[in-house]
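Examination of the molecular architecture
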Amino acid sequence: MFEHLVKCFKKRTRERPFDAFQIEVTTRCLTRCVMCPRVALADRWQNMDMPWEIFQRIARAFDFTQHVHLQGWGEPLLHPRLFDMIASAKSAGCRVGLTTNGMRLDLDTARRLLSLDMDLIAISIAGASRETHEGIRVGSDFPLILENVSQLLNLRAAQGGKGPKVELSYLMTRTNFTELPQAVELAASLGVDELYANNLDYTVTPTHDQLRLYDCPELREEADRRVVEARGRARRAGIAFRAYPIVLEEVAVCEANPTKILFVSCEGWVSPCTYVTLPGQAEIPRRFQGRQVSVPVVRFGNVQEKDLAEIINDQAYRAFRQQFFRRETEAVARALMAATGEAGHEADLPPPPTPCLTCYKLYGV
């Protein structure tokens, strides 16, 4: 059975073997969000835009991926050539999305994004009220963001309602999770396609630790109740809603999915995801289960020195992905054995790469 599964996974590889390239087009931002590493590491943060030449080198490999997502540790709408980047990815046959704080999503920007046939626009919020949102996303203007989202959706409707998909991304914290049901109502009133509630999954300081909602037994019952209430309101309003888990449980492959997604930093470094690289840093500081840890950055090469296609096929990068592939294969084999009533074994999954052991994404949140 195991060998059969391996063959199935290999056959799954399509003409475009990667689901997505996530590209960090800038590390600059207009806001000072309390949980952001830009703020916690401000004394050694590098503010920069990705040079067009680096983007062009990445673009040579766009036929390797189905989707290009323009987002990293910064606000993508600040990049002066963002629209050229979108056009380049679309011309290569990729779906294109971005995640924004919404501050620069004005009427002219919305028109240009729609004209470029964007596939996905996600807007980040951290509350259903101005006070709560702006208390977390410091420097943002909540009414302006809502007005910008409304304008975008009105423009989309005027053009026949075809694409892009518009989502609200609600960051759940201990200080705002009670507003989740109201956030669903807000999303429905705006007319967005989906609201999803995600977690503060990367923390740098003890203060950040005090914000995270997951792995907090004392809040679990109340948080579960709010999620159930939000789900019910979403169902009645006819809006898609999903909430990330708040209980830690190790997963075979995290949502960042290094087997099918890669990340390219502003500087051109190729990494598995945003959680193992930061601009200008040699180490990644983290809080994990109440303790301070630090892991080396994980980088497999720079597109300024080597073609992205070559980096993807380098031995070190292949070995990193293979560790997750083995975990995924083992997990599926166990599930099939359980479903068919075959006797299995309870041994641990194959180990993940060491830097992932202290990343909350590996534990399902």
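See above for the structure.
I will try to describe carefully the structure that is included in this document. (Residues numbered from 1 in each chain as written. Predicted model: local features only at pLDDT ≥ 70, side-chain atom pairs only at ≥ 80, totals over all residues. Heavy atoms only, no water.)

Right, let's talk about the packing of helix α8 (residues 180-190) against helix α10 (residues 217-237) for a bit. Their axes nearest at 8 Å, the elements α8 and α10 cross at an angle of 20°. Judged by the angle between their axes, α8 and α10 are roughly parallel. Here α8 and α10 pass one another in a crossing that is right-handed. Residues L180, P181, Q182, V184, E185 and A188 of α8 touch α10, and the partners they reach there are R226, V227, E229, A230, R233, A234 and A237. (Axes fitted to C-alpha atoms, helices over the stretch in contact; angles between N-to-C directions. Helix = DSSP H or I, 4+ residues; strand = E, 2+ residues; numbered from the N terminus. Parallel < 35°, antiparallel > 145°, perpendicular 65-115°, else oblique. Left-handed = near helix turned anticlockwise from the far one by under 90°. Contact = heavy atoms within 4.5 Å.)

Inspection of the secondary structure assignment puts S115 in helix α5 (residues 107-115). Between the alpha carbons of S115 and A87 there is a distance of 9.9 Å; along the sequence they are 28 residues apart.

Here α10 is 21 residues long and its end C-alpha atoms lie 30 Å apart, about the 30 Å a rise of 1.5 Å per residue gives. Buried within α10 are the following residues: A223, R226, V227, A230, G232, R233 and A234. Buried-residue contacts for α10 involve α8 and β7 (240-243). Once α10 finishes, G238 follows within two positions and takes phi at roughly 75°, a positive value. (Expected span 1.5 Å × (residues − 1). Buried < 20%, exposed > 50% of the residue type's maximum accessible area, 1.4 Å probe, protein only.)

Attention now moves to helix α12 (residues 315-340). For α12, which comprises 26 residues, the first-to-last C-alpha distance of 37 Å matches the rise-based estimate of 38 Å (1.5 Å per residue) to within 8%. Every buried residue belonging to α12 is among Y317, F320, R321, F324, F325, R327, E328, T329, E330 and A333, and all of these are buried. Immediately downstream of α12, the backbone of G341 shows phi near 80°, a positive value.

This part is about the layout of surface pockets. There is about 1,500 Å³ of room inside the largest pocket. Lining the largest pocket are 48 residues, with Q22, Q71, T99, Y196 and N198 positioned closest to its centre. Residue assignment for the lining of the largest pocket shows that the elements contributing at least two residues are β1 (18-23), α2 (37-40), β2 (65-70), β3 (95-100), β4 (120-125), β5 (165-172) and β6 (194-199). Considered class by class, the residues forming the lining of the largest pocket number 20 nonpolar, 16 polar and twelve charged. (1 Å grid on protein atoms, 1.4 Å probe; cavity = no way out; pocket = protein on both sides within 12 Å on 5 of 7 lines; lining within 4 Å. Points joined across faces, edges and corners; volume = space filled by probe spheres on them. Nonpolar A, V, L, I, M, F, W, Y, C, P; charged D, E, K, R; others polar.)

Under the definition given, this model contains 24 salt bridges. In this structure, the salt-bridge partner of D119 is R95, at a minimum N-O distance of 3.6 Å. Of this pair, D119 sits in the loop between α5 and β4 while R95 sits in strand β3, placing them 24 residues apart in sequence. Where R233 meets E185, a salt bridge forms, and the shortest distance between an N and an O atom there is 3.7 Å. (Salt bridge = Lys/Arg side-chain N within 4 Å of Asp/Glu carboxyl O.)

Among the six residues in β1, five count as buried, and that is most of the element. Bridge analysis of β1 against β2 gives five bridges, and the strand direction is parallel. Paired with I23 across the two strands is L70, which belongs to β2. Here β1 pairs with strand β8 (residues 261-264) via four bridges, running parallel. The residue bridging Q22 from the neighbouring strand is F263, located in β8. (Pairing = 2+ DSSP bridges.)

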